[in-house]
Amino acid sequence: MVTFFAKRLGWSVFTVLLATVLVFSAIQSLPGDAATQLLGQNATPSAVATMRQQLGLDEPPVSRFFTWLGKALHGDFGNSLVGGGSVAGEVGSALVNTSLLAGITIVIGILLSLVLGLVAGLTRDRWPDISISTLALVGMSVPEFVVATVLVLLFSIYIPIFPAVVIAGQNASLSDLLPSVWLPAGALICVLAAYIIRMMRTSVIDVMDSEFVRTAILKGNSTSRVVFKHLLPSAMLPTLNVIAMNIAWLVGGVVVVESIFNYPGVGTLMIRSVQTRDLPTILLITVMSALTYVVCNLLADFAAFLLNPRLRYPRSSK
Amino acid sequence: MTIDAADTIDEATILNGTDIVRIQNLSVSYLSGKRQVDVLKDVTLQLRRGHVLGLVGESGSGKSTLASALLGSLRSTSFVSNGSVHVAGQDVFALAPRALRRLRTAEVAMVPQNAGNALTPTMKIGEQIAEVLHHLKGNKAAQRARAEELLRLVRLPNPGPALDRYPHQFSGGQQQRIGIAMALAANPSLLVLDEPTTGLDVVTQAAILDLLMELQETMGMSMVMVSHDLGVIDKMCTDIALLRKGAVVESGMTRSVLAQPQHAYTRGLIDSVPRIDTPGIPPGMDQAAIDAGTVREGAVELYIRTPPTKAKPVLSVRDLTIDYRRKPVPGTGPTVQDVSFEVNAGEIVALVGESGSGKSTIANAIAGLQKSEGGQMSLTGSGDESANHLRGGGNLARTVSSRPKSLRQAVQLIFQNADTSLNPRHSVRTAIARPLKLFGVKGATVERALEEVELPASFAKRLPGQLSGGQRQRVGIARAIAAGPSLVLADEVVSALDVSVQSSILRLMDTLSRDKDIGFLFITHDLAVVRSIADRVVVLYLGRIVEDGTVEEIFSDTSHPYTRLLLDSVIELGDDHKAKAQAVRDEIPDAPPELGCPFASRCPIVRDVCRTVVPPTIQVSDTHNIECHADVSELRPSIPAL
Ligand SMILES: Nc1ncnc2c1ncn2[C@@H]1O[C@H](COP(=O)(O)OP(=O)(O)O)[C@@H](O)[C@H]1O
Ligand code: SF4
Ligand SMILES: [Mg+2]
């Protein structure tokens, strides 16, 4: 078990590193850099060269990457090439805002989809299942920006209960942000939930057909006991990985949805930083996203470990 | 008026008094499109309290449907189209959900066919038993104590710590014991058992049945037991009902029905059972004759196989050693050690032993699916193809991916479960055409391969789901034979089949071995099947050969103590079940001992030397070897003690 998690941990570190390398090379391959973006199209070549020197962009990319990596390992992520402030501070405050959005999405989204998936699986082919499955199918096939637009139309234009775009800036307090978090969160939940519901439904149906659930029923157990004690742990297992994958997807979805609602989070910051080729900011965001992905997967593995006694007690250690 | 009253009393006493089960004109159906298909047809049966009813029939005859109807449970698409089921005086299909649950917690309990699948994998054993103990609700300590007591009752080793273990931490036989304990927890007046020992090997089966018998007698429980094994029914049941296509064709007292069957179906089933005391393959069932109702008279005509006359080895295994252990575990030896045997062209050699004895491991090593740690395995080729095989050196030491094609072609496997080894989405044609194309077999066609296994050419179009169990197994054989092998490894190929189908598959293997000079390594735990088809037998225990010889020699009076245990555990129709010695039947250990005789921990005639020194070979004859420290005279059955 210890070796299992040690291996996973090693793999996680590798994933995060790989992500930074990939993002670094991707930004590198884009036309222009921070100097050209800052100075605009009409800048003279010499001005650009001076700017480059100031920003340290004249060094070869490989050495720049390792300099960055060396500092990053000591917790120094450098300063923004554009604003000049500490990247950690800027990303940090955006991250707090995004965490609010993501946290609400994940908690509500996962609970809701597990419940809906369970209900659909238990009422297989009857009306609750048919309505839930149809909705999930719609959620899967419609991209998040369409969902976002529909939500805005419904809840801030026809029935104006939520603001359509966020006016609060980057440094707004959480209580200022709270009213504007629901629509972006709603859009993310819709898309996130679809996959989890489908998976949960399928695995509930599979487990319902299993011999042990049949036996649990024939033992005279109440329906709630059959569902919660006998069925749910086994049905959750295959769903866990889908949950982890979807949370990883959320990292991308957040970018789209945040920029639609002008939500002052990491996603919005990311788009801005890519436009200005602000490499230190992009890299830190990359590290944070990759960490989210990796931590989600580790948590999924750990949850599987808790749910599945076969993993906890292998047959050989009798 | 008076008559009415008498009637009511009568009805009540019947329902609550003498009869625990009353099934009246029960029909169960499902809809296939608009058409109503009957799974059970007009079944009427009674069972008196304290009696044991056996439900017998071929697969698909409706046994399981009838059994679960006793618990008021049907498949979700099935419904009761007529009749009723009363258990302990209650009309189970008329009960409200709460009352039905009460019936299931208090009156009827089910022991599932495969406890391995029927125990919830994510719950501790103790908790799964405790949830049935409704009368102790809320009292955790009392529930635990009772659960432990139940596990002790079914003789699970270490019942206390077992409560905190999960199902996968137990062996198949232990899981079945736990399943029985769980069913007994509710103190049911009726225990329903659906094939409770079918997946288990003879020794475990005998132990579980003895246990059930004892529990039934001491607790005065009524039981309904489903089985396709007439020997088991004969041992366990006072009453019997034979089901065919959903209808009861014959019922009555077990002994008299089995001794003098009135229905052709019963006769046919009895005649299809191979016996350990008589060589030969029984005739298959003549379904047309049964439909016509002709009951056969006189003795059964068994087909006696003639072993090949000349010994022309195809497979030679020398000192094969296989070790699964990643690091040495003190006190244990390798999984398979120093196994040597031969298979000749046209010969059927049986490899027998309990599960866990290493049969499949050896077959997998020969097939190249498992790597071996020591010894030699070689294929010597047969007939005119020998040159072909020799090109690959005939050396089977390498695993399948690094074997030359000709060698892969020459060794073919047939699996236990034809259902899982055939791709459900591929037609029979695709399945058989694959090896033909892969090995470029000259002049062979799918049709020819089907003809060889006695299936019509039209079957090529079918999908595995459209075949019966026996037909699927034939396709599995056709696929193996199509490649033109000289050696076929057949792993438990008839174990899952009805006896009625079994004999025709055995006949087919006999024909193929003779006509094509194919050597068969036939793996099974069913000794009666071994007796009917094998030429030679190798008895394996914990990965070591304990005895080998011709089939007559293995079934003769002189046997290794382990072979004796296997033979004594076989339950046959017409045995004197009560008198049969109750052998020491504790379970096969997890791993073989490092030193001495593998059987020492279970052997009734063990001596000190057995625990340290590898037993010598006793040569009973040129062909019959027994590995044992005891004297030959001790290897004959002892006269039963007074
Ligand atoms: N609801 C149903 N839908 C389709 N087939 C069914 C249904 N119920 C039973 N059957 C079929 O009826 C037959 C009898 O089943 P079963 O009681 O399991 O027989 P047995 O236990 O004797 O093998 C089988 O062929 C089974 O597939
Ligand atoms: S060698 Fe000893 S333990 Fe092994 S079977 Fe013979 S008598 Fe029994
Ligand atoms: Mg059945």
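Residues numbered from 1 in each chain as written. Chains lettered and ligands numbered in written order. Predicted model: local features only at pLDDT ≥ 70, side-chain atom pairs only at ≥ 80, totals over all residues. Heavy atoms only, no water.

**A few points about the overall build of chain A**
A count of helices and strands for chain A gives 13 helices and 0 strands. When the elements of chain A are put in sequence order from the N terminus, they spell out α-α-α-α-α-α-α-α-α-α-α-α-α. With respect to the three principal axes, the spread of C-alpha positions in chain A is 85 × 60 × 30 Å. For chain A, the proportion of its 318 residues judged to be buried stands at 44%. Considering only contacts in chain A between residues 6 or more positions apart, those separated by 24 or more positions represent 77%. Accessible surface for chain A amounts to roughly 15900 Å². Of this, 70% is attributable to carbon and sulfur atoms. Within chain A, one finds 19 positive and 15 negative side-chain charges whose respective centroids are separated by 15 Å. (Helix = DSSP H or I, 4+ residues; strand = E, 2+ residues; numbered from the N terminus. Buried < 20%, exposed > 50% of the residue type's maximum accessible area, 1.4 Å probe, protein only. Contact = heavy atoms within 4.5 Å. Areas by Shrake-Rupley, 256 points an atom, 1.4 Å probe, with all protein chains shown as cover. Lys, Arg positive; Asp, Glu negative; His and termini not counted. Charge placed at Lys NZ, Arg CZ, Asp CG, Glu CD.)

**Examining the site of ligand 1**
Residues and elements named next belong to chain B. In the neighbourhood of ligand 1, 13 residues make up the surrounding shell, with Gly60, Ser64, Thr65, Thr77 and Ser78 lying closest. Contact between ligand 1 and glycine 62: an oxygen atom at 3.0 Å from a main-chain N or O atom of the residue. Threonine 77 places a polar side-chain atom, nitrogen or oxygen, 2.6 Å from a nitrogen atom of ligand 1. Protein burial of ligand 1: of its 570 Å² of free accessible surface, 73% is covered by the chains. Looking at the shell around ligand 1, the element that brings in the most residues is helix H2 (residues 63–69), giving 3 residues. Looking at the shell around ligand 1 residue by residue, the class counts come to 2 nonpolar, 8 polar and 3 charged. (Near = heavy atom within 4 Å. Polar contact = N/O pair within 3.5 Å; in protein donor to acceptor, adjacent residues only side chain to side chain. Nonpolar A, V, L, I, M, F, W, Y, C, P; charged D, E, K, R; others polar.)

**Quick notes on the interface of chain B and chain A**
On the side of chain A, 22 residues touch chain B, which itself brings 28 residues to the contact. Both faces combined, the contact of chain B with chain A buries some 2500 Å², and carbon together with sulfur accounts for 53% of it. Of all residues in chain B, Thr122, Glu131 and His168 of chain B give up the largest surface area on contact with chain A, accounting jointly for 24% of the area buried on that side. Counting every contact that joins chain B to chain A gives 4 salt bridges. Salt-bridge contacts for lysine 229 of chain A lead to glutamate 127 of chain B; the nearest nitrogen and oxygen are separated by 2.7 Å. (Buried area = accessible area lost by both parts, 1.4 Å probe. Salt bridge = Lys/Arg side-chain N within 4 Å of Asp/Glu carboxyl O.)

**Overview of unusual backbone geometry**
For asparagine 262 of chain A, which is not glycine, the phi torsion reads 55 degrees and is therefore positive. Positionally, asparagine 262 of chain A belongs in the loop between helix H10 (223–261) and helix H11 (266–276).

**A word on the domain arrangement of chain B**
Residues and elements named next belong to chain B. For chain B, the assigned domains read domain 1 (2–107 + 189–260), domain 2 (114–187), domain 3 (313–541) and domain 4 (556–635). One C-alpha centre belongs to domain 1, the other to domain 4; they are set 39 Å apart. Counting residues at the interface gives 15 residues for domain 1 and 14 residues for domain 4. For the pairing of domain 1 and domain 4, the buried interface totals around 1200 Å² over both sides, and the portion due to carbon and sulfur atoms is 66%. Contact with domain 4 buries area across many residues of domain 1, yet Val202, Val203 and Lys235 alone supply 37% of it, more than any other trio. One can count 0 salt bridges joining domain 1 with domain 4. Between domain 1 and domain 4 we count 2 residue pairs in polar contact (both at pLDDT 80 or more) in total. Elements that contribute at least two residues to the side of domain 1 that touches domain 4 include exactly helix H9 (202–219), helix H10 (230–236) and helix H11 (254–259). (Domains from an automatic or database assignment.)

**Points about a positive patch on the surface**
Residues and elements named next belong to chain B. A surface patch of like charges, here positive, comprises Arg98, Arg101, Arg102 and Lys137. If you trace the backbone, arginine 98 turns up in helix H3 (residues 97–106). By relative accessible area, which is 66% here, arginine 98 ends up exposed. (Patch = residues over 30% accessible without salt bridge, like charges linked within 9 Å, V, L, I, M, F, W, Y side chains within 5 Å.)

**Some remarks on the nonpolar core**
In this structure, Ile129, Leu151, Leu191 and Met236 of chain B are the most contacted members of the largest nonpolar core, which totals 56 residues. Formed jointly, this core draws a minimum of three residues from each of two domains, domain 1 (2–107 + 189–260) and domain 2 (114–187) of chain B. Beyond its immediate chain neighbours, meaning those up to four positions away, methionine 236 of chain B contacts Val52, Leu209, Leu212, Met213, Met223 and Met225 of chain B. Listed in part, the 43 residues of the second largest apolar core include Ala185, Val213, Ala216 and Leu232 of chain A. (Core = buried A, V, L, I, M, F, W, Y, C linked by side-chain atoms within 4.5 Å.)

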